[in-house]
Amino acid sequence: MVVDTIERVAVLGAGSMGHGIAEVAALGGYDVTLRDVEADLVRDGYEQIEWSLGKLEEKGALDESAEAVLDRVDTATELDAAVHDADLVIEAAPENMELKREIFGDLDEFAPADAILATNTSSLSITEISEATDRPGQVVGTHFFNPPVKMDLVEVVYGDHTDDATAEAAAAFAEACDKTPIFVRKDVNGFVVNNVLVPFMEEAAWMLSADETTIRETDAAMVFRGGYPMGPFELADFTGIDIGYHARKEAGREVPPVWEEKVEAGHYGKKSGKGYYDHEDGDGVDYE
Ligand code: 3HC
């Protein structure tokens with residue numbers, strides 16, 4: 001049986017999705033603990049939340065002060081400290097099945113017996129992750145989009161063992177955070193959105209690999225004429241070229257040569273300073 005009421009949330013992983021999800025939960029009124037394995041990673045994540053809340057406050061988008069929201073965010077490096085009293089745990093660690101299974105195995109020991117155990121994986125099997133615990137019915141996918149504070153959608157993904165009560169509680173949590181949940185009832189690789197969105201970035205990368213287009217022309221075409229908020233290369237840099245790369249590899253698919261080159265060079269996009277664009281000086285995208 002899962003908890004009736006969610007009050008405390010633990011987010012595991014303070015990277016761009018983790019700190020964004022922690023911010024969203026704090027904005028939804030929840031007490032949140034943001035946890036990562038190193039103190040400087042947690043501090044970086046916390047500072048990103050501070051920056052983002054400051055921006056929202058500046059634009060009059062908050063009902064309370066940024067400080068009041070930030071007061072609901074705690075930090076931790078120890079797993080036990082982060083999850084021992086959590087009603088909902090959201091794992092946002094790197095996309096590595098072994099790592100995620102290890103975390104979920106540890107949650108059996110440290111999280112309350114009735115806690116909901118959610119994963120923000122964008123492509124790994126919820127079923128396989130859930131089988132690392134002795135309570136797979138309480139495991140669910142909560143797939144947020146980058147940047148979580150600005151993107152409305154959350155995919156609530158069923159694994160083969162997920163109980164309805166778990167999925168419904170996760171969807172209610174998303175709604176309480178002012179998000180729109182959709183249920184994905186089959187644990188298909190990439191769920192719904194990435195099955196549609198990754199090809200947008202992948203097709204452009206195949207064209208670039210074949211020297212059939214340029215980065216700027218493609219992005220400009222999609223933004224100025226296609227009406228998209230970001231072109232495929234800017235979006236890939238924003239979400240991480242490695243994310244699409246691993247999603248495709250996980251599905252046993254061939255990837256565009258330019259993805260291989262970028263991932264091999266560690267040029268993942270915004271988070272590593274370089275991707276298709278150079279982000280070291282400012283945002284790096286300039287369509288002029
Ligand atoms: N928090 C607070 N403020 C923010 C912010 C954040 N996280 N991000 C940007 N801002 C601020 C900017 O600094 C800027 O402030 P300023 O006016 O003072 O300069 C202001 O918001 C406006 O920002 P932008 O000009 O960048 O533009 P928009 O707000 O109009 O849009 C966007 C930004 C929402 C990111 C938009 O470009 C967009 O929708 N892009 C596509 C994103 C997308 O598709 N995400 C999904 C990716 S797939 C995914 O995540 C799944 C995963 O599994 C791979």
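What counts, and at which threshold
- Residues numbered from 1 in each chain as written.
- Predicted model: local features only at pLDDT ≥ 70, side-chain atom pairs only at ≥ 80, totals over all residues.
- Near = placed C-beta within 6 Å.
- Helix = DSSP H or I, 4+ residues; strand = E, 2+ residues; numbered from the N terminus.
- Nonpolar A, V, L, I, M, F, W, Y, C, P; charged D, E, K, R; others polar.
- Domains from an automatic or database assignment.
- Axes fitted to C-alpha atoms, helices over the stretch in contact; angles between N-to-C directions.
- Parallel < 35°, antiparallel > 145°, perpendicular 65-115°, else oblique.
- Left-handed = near helix turned anticlockwise from the far one by under 90°.
- Contact = placed C-beta atoms within 7 Å.
- Expected span 1.5 Å × (residues − 1).
- Buried ≥ 20, exposed ≤ 12 C-beta atoms within 10 Å, placed from the backbone.
- Pairing = 2+ DSSP bridges.

An unreviewed UniProt entry annotates the chain as enoyl-CoA hydratase originating from Halorarum halophilum.

## Looking at the site of the ligand
In the vicinity of the ligand lie 17 residues, with Ser52, Lys55, Ser122, Asn146 and Pro229 positioned nearest. Broken down by secondary-structure element, the contributors of at least two residues to the shell around the ligand are helix H2 (39-58), helix H8 (193-209) and helix H10 (232-239). Ranked by residues supplied to the shell around the ligand, first place goes to H2 with 3 residues. Residues of the shell around the ligand, tallied by class, amount to 10 nonpolar, 5 polar and 2 charged. When residues of the shell around the ligand are assigned to domains, at least three fall in each of domain 1 (8-184) and domain 2 (194-272).

## Considerations on the packing of helix H11 (residues 241-250) against helix H12 (residues 257-265)
The geometry of H11 relative to H12 is characterised by a closest axis approach of 10 Å and an angle of 120° between their N-to-C directions. Here H12 runs oblique to H11, going by the angle between their axes. In the crossing of H11 with H12, the sense of the turn from one axis to the other is left-handed. Judged by residue contacts, Ile241, Asp242, Gly244 and Tyr245 of H11 engage Trp259, Lys262 and Val263 from H12.

## Observations concerning H8
Look at H8: 24 Å from first C-alpha to last across 17 residues, which is about the 24 Å you get at 1.5 Å a residue. Every buried residue of H8 is accounted for by Asn194, Val198, Met201, Glu202, Ala204, Ala205 and Leu208. Those residues of H8 that are buried are in contact with helix H9 (215-225), H10, H11 and H12. In the stretch just after H8, Asp211 is the one whose phi turns positive, near 60°.

## Brief notes about the pairing of strand S6 (residues 139-144)
Counting buried positions over the 6 residues of S6 gives 6, a clear majority of the element. What you see with S6 is no split at all: Val139, Gly141 and His143 on one side and Val140, Thr142 and Phe144 on the other are buried throughout. The pairing of strand S5 (residues 116-119) with S6 spans 3 bridges and is classified as parallel. Residue pairing for S6: Leu117 is matched across the bridge by Val139. As paired elements, S6 and strand S7 (residues 153-157) share 4 bridges and run antiparallel to each other. Directly across from Gly141, in S7, lies its bridge partner Val157.

## Details of the sheet that holds strand S1 (residues 8-12)
The strands making up a sheet associate through hydrogen bonds between their backbones, and the pairing can be parallel or antiparallel. The strand order across the open sheet built from 8 strands is S3-S2-S1-S4-S5-S6-S7-S8, with neighbouring strands paired in mixed fashion. The two strands at the open ends of the sheet, each matched to only one other strand, are strand S3 (73-76) and strand S8 (180-184). In this sheet, adjacent strand axes meet at a mean angle of 25° when their direction is disregarded. As paired elements, S1 and strand S4 (residues 88-91) share 4 bridges and run parallel to each other. Bridge pairing links Leu12 to Glu91 in S4. Each of S1, strand S2 (31-35), S3, S4 and S6 is contacted by helix H1 (residues 16-27), which is oriented at about 170° to S2, the strand it contacts most.

## Considerations on the domain arrangement of the chain
Split by domain assignment, the chain resolves into domain 1 (8-184) and domain 2 (194-272). Centre-to-centre separation of domain 1 and domain 2, based on C-alpha positions: 26 Å. Domain 1 puts 6 residues into the contact, and the matching count from domain 2 is 8 residues. In terms of residue class, the side of domain 1 that touches domain 2 is built from 1 nonpolar, 4 polar and 1 charged.

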